[in-house]
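# Summary of the model geometry
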Amino acid sequence: MTDNNKKKIMNLPNILTLSRMFMIPVFILFFYLSFTSHYIVALAVFIIASLTDLLDGMIARKYNLVTNMGKFLDPIADKVLVLSAFVVFLTVPDIFAGYLDSWAMIVAGAGVVIILAREIIVSGFRLVASDAGCVIAADIFGKYKTVTQDASIIVLLFGAGLAEFIEGQLVEIINYIGLALFGLAVILTVISGANYIIKNIDVLKQ
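Residues numbered from 1 in each chain as written. Predicted model: local features only at pLDDT ≥ 70, side-chain atom pairs only at ≥ 80, totals over all residues. Heavy atoms only, no water.

## Focus on the overall build of the chain
- From N to C terminus, the chain includes 9 helices and 0 strands.
- Taken from N to C terminus, the helices and strands of the chain fall in the order α-α-α-α-α-α-α-α-α.
- Dimensions of the chain along its principal axes, counting C-alpha atoms only, are 55 × 45 × 25 Å.
- Every one of the 206 residues in the chain was classed for burial, and the buried ones make up 40%.
- For the chain, the proportion of contacts with a sequence separation of at least 24, taken over those separated by at least 6, is 77%.
- Accessible surface, the chain: about 11400 Å² in total, of which carbon and sulfur atoms supply 70%.
- If you average the places of the 14 positive and of the 15 negative side-chain charges in the chain, the two averages end up 15 Å apart. (Helix = DSSP H or I, 4+ residues; strand = E, 2+ residues; numbered from the N terminus. Buried < 20%, exposed > 50% of the residue type's maximum accessible area, 1.4 Å probe, protein only. Contact = heavy atoms within 4.5 Å. Areas by Shrake-Rupley, 256 points an atom, 1.4 Å probe, with all protein chains shown as cover. Lys, Arg positive; Asp, Glu negative; His and termini not counted. Charge placed at Lys NZ, Arg CZ, Asp CG, Glu CD.)

## Some remarks on unusual backbone geometry
- For S37, which is not a glycine, the phi torsion comes out positive at approximately 80°.
- You can see S37 is positioned in the loop between α2 (12-32) and α3 (38-62).
- You will see that N64, though not glycine, has its phi angle at about 55°, which is positive.
- Positionally, N64 belongs in the loop between α3 and α4 (68-90).
- Owing to a relative accessible area of 67%, N64 belongs among the exposed residues under this scheme.

## What to know about the packing of helix α7 (residues 140-162) against helix α8 (residues 169-199)
- Interhelical geometry of α7 versus α8 gives an angle of 160° and a closest axis separation of 8 Å. One finds that α7 runs roughly antiparallel with respect to α8. Where α7 crosses over α8, the two elements pack in a sense that is left-handed.
- Split by residue class, the contact of α7 with α8 holds 18 nonpolar, 10 polar and 1 charged. (Axes fitted to C-alpha atoms, helices over the stretch in contact; angles between N-to-C directions. Parallel < 35°, antiparallel > 145°, perpendicular 65-115°, else oblique. Left-handed = near helix turned anticlockwise from the far one by under 90°. Nonpolar A, V, L, I, M, F, W, Y, C, P; charged D, E, K, R; others polar.)

## So, the confidence of the model for the chain
- Of the residues in the chain, 91% reach a pLDDT of 70 or more, and the chain-wide mean stands at 87.
- Mean pLDDT across the elements of the chain ranges from a minimum in helix α1 (residues 3-9), with 50, to a maximum in α7, with 94.
- For residues 1-7, every residue scores under 50 in pLDDT, and the model assigns this stretch 2 contacts once sequence neighbours within four places are set aside. (pLDDT = per-residue confidence, 0-100.)

## Side note on the packing of aromatic side chains
- Under the defined criterion, the tally for this structure stands at 10 aromatic pairs.
- Here F30 and F35 contribute two aromatic rings whose centre-to-centre distance is 6.3 Å and whose plane-to-plane angle is 80°, an arrangement assigned as edge-to-face.
- When its relative accessible area of 23% is taken as the criterion, F30 is described as partly exposed.
- Judged by relative accessible area, F35 falls into the partly exposed class, the value being 34%.
- For the pair F86 and F89, a centre-to-centre distance of 6.4 Å together with 80° between the ring planes defines the contact as edge-to-face. Pair noted here: F86 and F89 are both in helix α4, with a separation of 3 residues, about one helical turn.
- We classify F89 as buried; its relative accessible area is 0%.
- Following the ring pairs from residue to residue traces out a cluster consisting of F27, F31, Y32, Y39, F46, F86, F89, F96 and F182. (Phe/Tyr/Trp six-rings, centres within 6.5 Å; stacked < 30°, edge-to-face > 60°.)

## A few points about the layout of surface pockets
- The computed volume of the largest pocket comes to approximately 1800 Å³.
- For the largest pocket, the lining is made up of 50 residues, of which K71, D74, P75, D78 and R126 are closest to its centre.
- Residue assignment for the lining of the largest pocket shows that the elements contributing at least two residues are α2, α3, α4, α6 (103-131) and α7.
- Element by element, the count of residues in the lining of the largest pocket is highest for α4, at 11 residues.
- Along the wall of the second largest pocket there are 15 residues; nearest its centre are D94, Y99, G159, A160 and A163.
- Those elements that place two or more of their residues in the lining of the second largest pocket are α5 (93-97), α7 and α8.
- Across the lining of the second largest pocket, the residue classes break down as 8 nonpolar, 4 polar and 3 charged. (1 Å grid on protein atoms, 1.4 Å probe; cavity = no way out; pocket = protein on both sides within 12 Å on 5 of 7 lines; lining within 4 Å. Points joined across faces, edges and corners; volume = space filled by probe spheres on them.)

## Comments concerning α4
- Taking 1.5 Å as the rise per residue, α4 with 23 residues should run 33 Å; its terminal C-alpha atoms sit 34 Å apart, in good agreement.
- Contacts from the buried residues of α4 go to α2, α3, α5, α6, α7 and α8. (Expected span 1.5 Å × (residues − 1).)

What follows is the structure in structure tokens.
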């Protein structure tokens, strides 16, 4: 590999993407560490990681720094970050079912499985499309899905962090808002996945 190619691969957008991947275990570490405000620290790590997602794409497009490495790593980093957050949430019942009955954990678990299944299905679908010479662009529902998933994680983590300091109706309301966003994210996940397949069903017929 030439020096120019190395410089192109290790450009700023790709460095930001790699930093997001390195922040995933840091996020999980602070989520589980037992000290006051550990949820708030985990929230800060998640927000910083999410911001790198906005920056790497914006910088890559603006300065023509798009690379195959970036195309490969960016969606993986995004999906693993979000899925890691939802999976660790399932290990702490207070986040998904703190103010509800135990059935809420079953519903939350099913929602996380739906999100995971959608990502696997769409990734496989894109692989098939790529082999067929087709490029499947992100749709508007996919963008809405990503925003609501990130928003639900942020609100739920903020509520969990706030609960370490205060009790009462405010914490409960924040938790309900986070759960509502999570429910909306699951719905948009289903719509987005179905839309990908329906709009590009001809790829499977080839």
